[in-house]
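Examination of the molecular architecture
Each chain, letter by letter, is given below.
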Amino acid sequence: MRAARLLGASKALGKSPQQISLLRVKARNAQARARLNRLFATAFRWAPGPLGYAAIGLTYVKVAHRSDGSSGWLWLGGSLLLVAWLGISARAWLRRAGQSEGGLLLDHFHELKGRVGNALSFAELPLSERTPFMEAAIQDAVRVGPELSPSLAVPWLIPRETPFVVVLFFGLLGLSLLEVRVVREAERAAPKASQALVLAIDDVEYFKEISARLAEAPHAADVNQAIQRFNQLVLDIAGERVTRDEVFRRLDALERDLADASDAEKAAFEQALKDRASELKSSQQSRALGEALERHDVVNAEKELKKLAEKVRQQKQPLNRPDLERLKKALEAASQQTQKRLERIEARRQELLSQTRRLLNKKKDQKPLSAQEAKEQKETERKLERLDREKREATAAGKGLAGLDKELAEAAQKLMKEAGLSAKDLEQGAEQMNRTAQSESSQQEKQQLKKRLEELRELLRQQGQAGKEQMKRLLRFGQRARGGNGAPAEGGEPGETNGKGPKGPITLSRGGPGEGIDIPGGSGKPDARGGQKGQKGQKGQKGQKPGQGEGSEGAEYGTGHAGGLRGDSTKLDGKFKDVSVVAADTGEGAASAEVIHGAAQRGFTGRGYSKVYTDYRTVAESVISKDEVPAGYRFYIRRYFQLIRPRE
Amino acid sequence: MKDESIMSENQSVTQQVLDFQTKVATLRQEIGRVIVGQKEVVDGVIACLLAGSHALLEGVPGLGKTMLVRTLAQAVRLDFSRIQFTPDLMPADIIGTTVIDESANAGKVFEFRKGPIFSHIVLADEVNRATPKTQSALLEAMQEHRVTVGRTTYTIEEPYLVMATQNPLEMEGTYPLPEAQLDRFFYKLAVTFPSREELHSIVDRTTTLHEAEVKAVLEREEILGMQKLVRQVAVARHVQDYAVRLLQATHVQTGKAFDKVQRFVRTGASPRGLQAMLLGAKIQALFDGRFAPGIEDIRSVAPLALRHRILLNFEGEAEGVTTDAVIEQILSQLPESA
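Residues numbered from 1 in each chain as written. Chains lettered and ligands numbered in written order. Predicted model: local features only at pLDDT ≥ 70, side-chain atom pairs only at ≥ 80, totals over all residues.

**Observations regarding the overall build of chain B**
- When you go through chain B residue by residue, the secondary structure sums to 14 helices and 11 strands.
- Here chain B holds 338 residues, and the buried ones make up 43% of them.
- Contacts in chain B between residues at least 24 apart in sequence constitute 78% of all its contacts with a sequence separation of at least 6. (Helix = DSSP H or I, 4+ residues; strand = E, 2+ residues; numbered from the N terminus. Buried ≥ 20, exposed ≤ 12 C-beta atoms within 10 Å, placed from the backbone. Contact = placed C-beta atoms within 7 Å.)

**Observations regarding the overall build of chain A**
- Scanning chain A from terminus to terminus reveals 24 helices and two strands.
- The buried share among the 648 residues of chain A stands at 29%.
- Contacts in chain A between residues far apart in sequence, at least 24 positions, make up 69% of those at least 6 positions apart.

**What about the confidence of the model for chain A?**
Residues and elements named next belong to chain A.
- Across chain A, the average pLDDT comes to 70, with 62% of residues at 70 or higher.
- A low-confidence stretch, residues 487-552 stays under pLDDT 50, and its non-local contacts, those more than four residues away or across chains, total 154 contacts.
- Of the regions scoring below 50 in pLDDT, residues 598-603 engages in 22 contacts with residues more than four places distant in sequence or in other chains. (pLDDT = per-residue confidence, 0-100.)

**Remarks on the nonpolar core**
- If you look at the biggest cluster of nonpolar residues, it comprises 119 residues, and the most contacted ones within it are Ala137 of chain A together with Met163 of chain B.
- Residue contributions to this core peak at nine residues, all from helix H11 (residues 271-287) of chain B.
- Those residues within four positions of methionine 163 of chain B in sequence are excluded, and the remaining contacts are Val45, His54, Ala55, Leu57, Val69, Ile121, Val122, Leu123 and Ala124 of chain B.
- Judged by nonpolar contacts, the second largest core, of 19 residues, contains Tyr206, Ala226, Val234 and Ile237 of chain A. (Core = buried A, V, L, I, M, F, W, Y, C linked by C-beta atoms within 7 Å.)

**Quick notes on unusual backbone geometry**
Residue and element names in this part refer to chain B.
- Following glutamate 158, the chain continues to proline 159 via a peptide bond in cis, the omega torsion being -15°.
- Structurally, the position occupied by proline 159 is in the loop between strand S7 (152-155) and strand S8 (161-166).
- Notably, glutamate 126 is not glycine yet its phi reads approximately 50°, a positive angle.
- Secondary-structure assignment places glutamate 126 in the loop between strand S5 (121-125) and helix H5 (132-144).
- Look at histidine 145: it is not a glycine, yet its phi comes out positive at around 60°.
- Here histidine 145 is to be found in the loop between H5 and strand S6 (146-149).

**Some thoughts on the packing of helix H11 (residues 201-216) of chain A against helix H12 (residues 221-238) of chain A**
All names here are of chain A.
- Following both chains from N to C, one finds H11 and H12 inclined at 160°, their axes separated by 10 Å at the closest point. Relative to H12, the element H11 is oriented roughly antiparallel. Crossing angle aside, the handedness with which H11 passes H12 is left-handed. Between H11 and H12, the contacting residues are Val204, Phe207, Lys208, Ser211, Leu214 and Ala215 on the first element and Ile227, Phe230, Asn231, Val234, Ile237 and Ala238 on the second.
- Broken down by class, the residue content of the contact of H11 with H12 amounts to nine nonpolar, two polar and one charged. (Axes fitted to C-alpha atoms, helices over the stretch in contact; angles between N-to-C directions. Parallel < 35°, antiparallel > 145°, perpendicular 65-115°, else oblique. Left-handed = near helix turned anticlockwise from the far one by under 90°. Nonpolar A, V, L, I, M, F, W, Y, C, P; charged D, E, K, R; others polar.)

**Points about the sheet that holds S8 of chain B**
Residues and elements named next belong to chain B.
- Sheet architecture is open: five strands sit in the order S2-S5-S8-S1-S9, paired in parallel fashion. At either margin of the open sheet sits one strand with a lone partner, and together these are strand S2 (80-84) and strand S9 (185-190). Strand-to-strand twist of the sheet, defined as the mean angle between neighbouring strand axes without regard to direction, takes the value 15°.
- Relative to the sheet, helix H2 (residues 39-51) contacts strand S1 (54-58), S8 and S9, its axis offset from that of S9 by approximately 170°.
- Each of S1, S2, S5 and S8 touches helix H3 (residues 65-75); the most contacted strand, S5, lies at about 170° to it. (Pairing = 2+ DSSP bridges.)

**Focus: the pairing of S1 of chain B**
All names here are of chain B.
- Within S1, four of the five residues are buried, leaving the element largely enclosed by the surrounding structure.
- Pairing between S1 and S9: five bridges, direction parallel. From the neighbouring strand, glutamate 58 faces S9, where its bridge partner is alanine 190.
- In this structure, S1 lies alongside S8, joined through four bridges in parallel fashion. Residue pairing across strands places alanine 55 opposite methionine 163, the latter belonging to S8.

**With respect to the environment of threonine 59 of chain A**
Residue and element names in this part refer to chain A.
- Following the sequence through the fold, threonine 59 ends up in helix H3 (residues 48-64).
- Judged by the 14 C-beta atoms lying within 10 Å of it, threonine 59 falls in the partly exposed class.
- Once the C-alpha coordinates of threonine 59 and leucine 178 are considered, the two residues, 119 residues apart in sequence, prove to be 9.6 Å apart.

**Considerations on the packing of H3 of chain A against helix H4 (residues 72-94) of chain A**
Residues and elements named next belong to chain A.
- Orientation of H3 relative to H4, taken along the N-to-C sense of each, is 165°, at an axis distance of 9 Å. Judged on the interaxial angle alone, H4 and H3 are roughly antiparallel. Seen from above, H3 lies across H4 with left-handed handedness. From H3, Gly49, Pro50, Tyr53, Ala54, Gly57, Tyr60 and Val61 reach across to H4, where they touch Leu74, Gly77, Gly78, Leu81, Leu82 and Trp85.
- Partitioned by chemical class, the residues of the contact of H3 with H4 number nine nonpolar, four polar and no charged.

**Digging into the confidence of the model for chain B**
All names here are of chain B.
- Looking at chain B as a whole, its pLDDT mean stands at 86, while 96% of the residues score no less than 70.
- Averaged pLDDT values for the elements of chain B fall to 81 in helix H1 (residues 2-34) and rise to 92 in H11.
- For this predicted complex, the interface score ipTM comes out at 0.79, alongside a pTM of 0.51.

**Points about the environment of leucine 169 of chain B**
Residue and element names in this part refer to chain B.
- Within the secondary structure, leucine 169 sits in the loop between S8 and helix H6 (179-182).
- A residue is classified by how many C-beta atoms lie within 10 Å of it, and leucine 169, with 8 of them, is exposed.
- Counting along the chain gives 110 residues from leucine 169 to glycine 59, while the straight-line C-alpha distance between them is 8.5 Å.

Structure (structure tokens):
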């Protein structure tokens, strides 16, 4: 048997080059399979590391909701693990267990006792170095070459860790699809500041209402942004998340952003509009436009400009030449208003400057100035300062109307030559006017917001001065306003009455200093019209404070009542019927009294009351705006109305 | 033309290998007439003969060690001498001695009478019972195949095979062989206890009238030719590399020593161990009719070639660890290719 094999080996001579190639291919194949097996084995052995890490990391991110930068370290760690895993796997793939590995694997499986490995090793040598034994060994291996099977010699191996890794992988996949429900509690998210500003609920609600109202209407982008910031501030105050300092700081920032147009600049702007209006009024065609501008009615001015453009464009009833001439002049003059005004200011300024220079030169020449001259110098300096300011304002106003001026000038230029083009310029002017109108509207909104900011600031300031006692009173007031049982205020039960009639109407009265004020119908029946005129003695003894009437002595404003009050003021379950009462003319200005039947059980809301409240408040605001109330008292008036506002 | 010459060479090699196999088979057969079983030991002894080196047989008394060597000597038509080592055995007793020879013509002359060591096959029975002095007398003969007496050096005729036996049990009054001498043995063969079947055969053969007759089947020249053929066998680089790594692995000093080596080995095998492994592997390949040894051949001869060359430390001795266990661990953990 062995002899036959040996003889067979000798016969195989001559076929060796091809056969040895076959051996090589099979050995390489076996080696590649072995390397892949190693790669898989290594990759699966180490895979639980990164997969486990990923699972833990993902769980952490999902549960702790760390989707921001704080999860960066997790990513870094994961990346490092992944790189390490890839590196280990790559090393397993790249590691060659010797060139003879394939041959050895084939030898082992086919029990060839190293024949293939030896043959491949000997075949590497040059022919001259091969001994007869080497040749014989090669031939011996070549003979068995066709029977070799790399796939059988190196079968694919399923790594031991495969089930674990698969489970882990799918677990991770499932985890990534899993969504952890987040209970977002905005209030909890931001912890309360230790020195947080505390406002009465009533005030908070008031500002919340305001901010809600402001947010409802559409605004310009910058105004919207400011409103959002104001809303946020109110929410933060409500949530007691901000300190007093922080509130003031944010108020300042908001006010700074809103304060882009000073009153002086606004006045300069209005003056500029007036200037243009006076010029435009000189032409019959543009008179309506001029009048609209004079009234600062930019919306109408836009419409008038459009009408004018249409008129210019009309071919059927073209404007006659004198009309055109006048219109041209008016447009030109209007467009040059800023320039003219600036020129005027500059001329005056130069004049004053030369005067100042003269006085300065005199001073330089060691000549003492007379008292008249010193006064004159001071006066000149003041005038110069004023002129500089005017110039700045005029420039600012001119900038606001530069677009309109340009269009008017171009329209004037083209008016005589090409009516169509001129009309186009006028339309563009109308667009500019529209923009100006929008800007105006935005300014108004800003003013509105500024007003609210001032209110808030003033409230905080007052609260800071009044301290805790006022806060307590406000809280009580707020509770009662919601129908709760606030603790009685000092000075007795408010609204206490001696009246013993049926549950009747509440009569709002204005208290006077010690004397009752005539309130027509104050003691009238619910359906009475006119009522009796209150007598001075009847209405109240001299109280120590305003508002103290006959019925009871309230310690504060609004705690007393007129003598004619019927019914139990604390049980306001009267009829739901509004009755208007025309007050008699007392000859002391406009007066009215309105009787509101049965305020709501809860608080003192009611449709009628809202109406009355609005009327009174409007009047109050109007008075305040006319500077008829000293600045120090405005807050109290506003505060008063704020506190007695109708509530839902 | 070149192909033809290669072919003729190849045929010649093939023929030589076939002849080798036939002769070995015949020799095994003749030895097998007397020796029952012990295939590994028989092959080991033959391998030592063909490698031109020596064998150390270790086993309890009565296992046929002496019988094996004697049978081999009978089967190969070579001179055979047996030396029973005893504590009072002197070097001269094995090397030979100079005596005065009186002859009529020449008168009295000193003449060297060669001792038993000058035979082709020397059986050094119970070699560990002789004193180190006598044991060392074997050293030069075993390594150099020559003996120096006085001013004269006497060459020992090839082939030369010393086969020493020792009894591992009776250690009292013995002189364990020094490391240097152990290293000179090509293989250390462990003669194991026969199996049941083998015992039956032994009894059948030795307790009846049947007397096995061993014929000489190999001439001296044939043995020398076979020895030459063994050395012509080529070894692939990766196989040789495996043998080298295997040898290195027996040393504690090498960086990645295996656990048992680290703990129990005092000194690893010498380069003679590597030579023994490679020659032994070649002989194994030829026994099997192959033209080159494989790693499996190295693995199969490694215990025979290394077990007496590895020296255990005190801990190893104390724990009863054998060198075979150390080699086994190395063989199981050493990668075949690197």
